[in-house]
Amino acid sequence: PVLTMRRLIRWLLLLALPFAVLMGGVAWIDPFNYFDAASPVPLETRKANLRHSGAVMPYYTLAWKMIEYRRRPVADIIIGDSRLTRFDAELVSRITGRELYNFGVPGGNTPSLFKTFWYADSLVELKTVYLQTGFRNWSAAQDYDIWEGPAWSTGSVIHYLTDRDVLGKAWLDARAYWGTVRPEGIAADQWETVMRNERAVLENYTPSARFAEELRRVAARCNERRINLVIIDLPVHNEVHAIERELGREEAIAEYKALMRSAGTYYDLSGPSAITADRAEYIDALHTSKDLLDGVIREIWQGPLVNGTADIRLTKR
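Residues numbered from 1 in each chain as written. Predicted model: local features only at pLDDT ≥ 70, side-chain atom pairs only at ≥ 80, totals over all residues. Heavy atoms only, no water.

Each helix and strand in the chain was counted, giving 13 helices and eight strands. Taking the principal axes of its C-alpha atoms as reference, the chain extends roughly 80 × 50 × 40 Å. Buried residues in the chain amount to 49% of all 317 residues. The long-range share in the chain, meaning contacts at least 24 apart out of those at least 6 apart in sequence, stands at 82%. Summed over all atoms, the accessible surface of the chain reaches about 15700 Å², with 57% contributed by carbon and sulfur. Separation between the mean location of the 39 positive side-chain charges and that of the 40 negative ones in the chain comes to 7 Å. (Helix = DSSP H or I, 4+ residues; strand = E, 2+ residues; numbered from the N terminus. Buried < 20%, exposed > 50% of the residue type's maximum accessible area, 1.4 Å probe, protein only. Contact = heavy atoms within 4.5 Å. Areas by Shrake-Rupley, 256 points an atom, 1.4 Å probe, with all protein chains shown as cover. Lys, Arg positive; Asp, Glu negative; His and termini not counted. Charge placed at Lys NZ, Arg CZ, Asp CG, Glu CD.)

The linkage connecting glycine 271 with the following residue, proline 272, adopts the cis geometry, with an omega of 5°. Tracing the backbone shows proline 272 in the loop between β5 (265–268) and β6 (282–284). Cis rather than trans, the peptide bond between glycine 303 and proline 304 has omega equal to -5°. A positive phi angle is found at arginine 226, which is not glycine, with a value near 60°.

Below, the discussion takes up the side chain of aspartate 76. For aspartate 76, the position within the fold is in strand β1 (residues 76–80). A polar atom in the side chain of aspartate 76 sits 2.7 Å from the side chain of arginine 98. Ignoring any residue separated from it by four or fewer positions in sequence, one finds aspartate 76 in contact with Arg98, Glu99, Leu100, Tyr101, Lys127 and Thr128. (Polar contact = N/O pair within 3.5 Å; in protein donor to acceptor, adjacent residues only side chain to side chain.)

It is the contact of helix α10 (residues 209–225) with helix α12 (residues 250–263), at a shortest axis distance of 9 Å, that shows an interaxial angle of 20°. On the basis of the axis angle, α10 is roughly parallel to α12. Considering the relative orientation of α10 and α12, their crossing is right-handed. Here α10 contributes Ala212, Leu215, Arg216 and Ala219 to the contact with α12, which in turn contributes Leu259, Met260 and Ala263. Residues belonging to the contact of α10 with α12 are distributed by class as follows: six nonpolar, no polar and one charged. (Axes fitted to C-alpha atoms, helices over the stretch in contact; angles between N-to-C directions. Parallel < 35°, antiparallel > 145°, perpendicular 65-115°, else oblique. Left-handed = near helix turned anticlockwise from the far one by under 90°. Nonpolar A, V, L, I, M, F, W, Y, C, P; charged D, E, K, R; others polar.)

Our focus in this paragraph is a nonpolar patch on the surface. Taken together, the side chains of Trp28, Tyr177 and Trp178 make up a nonpolar region of the molecular surface, amounting to roughly 390 Å² of accessible area. Summarising the element assignment, tyrosine 177 is placed in helix α8 (residues 164–178). (Patch = residues over 30% accessible without salt bridge, like charges linked within 9 Å, V, L, I, M, F, W, Y side chains within 5 Å. Salt bridge = Lys/Arg side-chain N within 4 Å of Asp/Glu carboxyl O.)

A word on the environment of threonine 309. Looking at the element boundaries, threonine 309 is found in strand β8 (residues 309–311). Taking C-alpha positions, threonine 309 is 39 Å from phenylalanine 32, a pair spaced 277 residues apart along the chain. When sequence neighbours within four positions are dropped, the list of residues in contact with threonine 309 reads Tyr266, Tyr267 and Asp268.

This part is about the pairing of β1. With five of five residues buried, β1 is to be regarded as a mostly interior element. Neither face of β1 is exposed, since Asp76, Ile78 and Gly80 on one face and Ile77 and Ile79 on the opposite face are all buried. Note: β1 against strand β3 (residues 128–133), four bridges, orientation parallel. Paired with aspartate 76 across the strands is threonine 128, a residue of β3. (Pairing = 2+ DSSP bridges.)

Reading across from one edge, β2-β1-β3-β4-β5-β8 is the order of the six strands in this open sheet, with mixed pairing throughout. Among the strands making up the open sheet, the edge pair consists of β2 (101–104) and β8. Geometrically, the sheet is characterised by an average inter-axis angle of 15° between neighbouring strands, direction not taken into account. Where β3 and strand β4 (residues 228–233) come together, six bridges link them in parallel fashion. Across the sheet, residue threonine 128 finds its bridge partner in β4, namely asparagine 228. Of the strands in this sheet, β1 and β2 touch helix α3 (residues 57–71), which is tilted by about 150° from β2.

Shape descriptors only; they carry no functional weight alone.
Here it is in structure tokens:
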């Protein structure tokens, strides 16, 4: 019996060995900097791989930022989608004298925007929350989840070390550092692809009652806790506005903007305006160059606002 038990233990140890090696490899590389300790793969390499491809950017970026923000919460945050990729939060901080955390996520949508707000609200006494959004994001068709996977994997050490996507990121980091794997670049037909996708989104646009109700919940929470809630519509190229007009979305856009104004301060720089006409100032029809976005930052946080409108709601403290 003793010999049999020893054989069983040895067999179980051998069976567990591959899993232990995999978990050890994840902990060693620490792809999302969960342990904030020494890693053989430099921090900048691991951060660069968050943008490896469009398929993984939502998960990878959310996981990284959830861990980073939980480690050191900041009272002022901006939440949004890929249009915040080139957003210079440090420029805002220099203007305001207050640190701003950029919670922008490539592939982010309205459900992830709300989940991010409640996540931050659970960790710190928020002072100012900026919600970067746009008309397209409020379609019922955009109601899908990108939050739960990263939230689960970053919720505990065991989840982190055993999650398949975390393991995939560790393997990507290893190949990027010791091999030849590099993040994907911008495709030559990026503009055309974005425009095709945007037409499909606008053709199928239906306002989401759930999103409107959730926005009211967020606004009520901000009123309750004296949080300054600011909603920002960034510029999109006139080719998008042409499709909106072609499809007769003017009434739906007006209703969307009225909803935004009802929730808090609303800066609308979506256009059309002088800064939504020049293709050279855009990566694609939805994403501005950094220079143009820096100019938008200065208009909003410094003034004067010349390429949009502002509906200011003061928060009493």
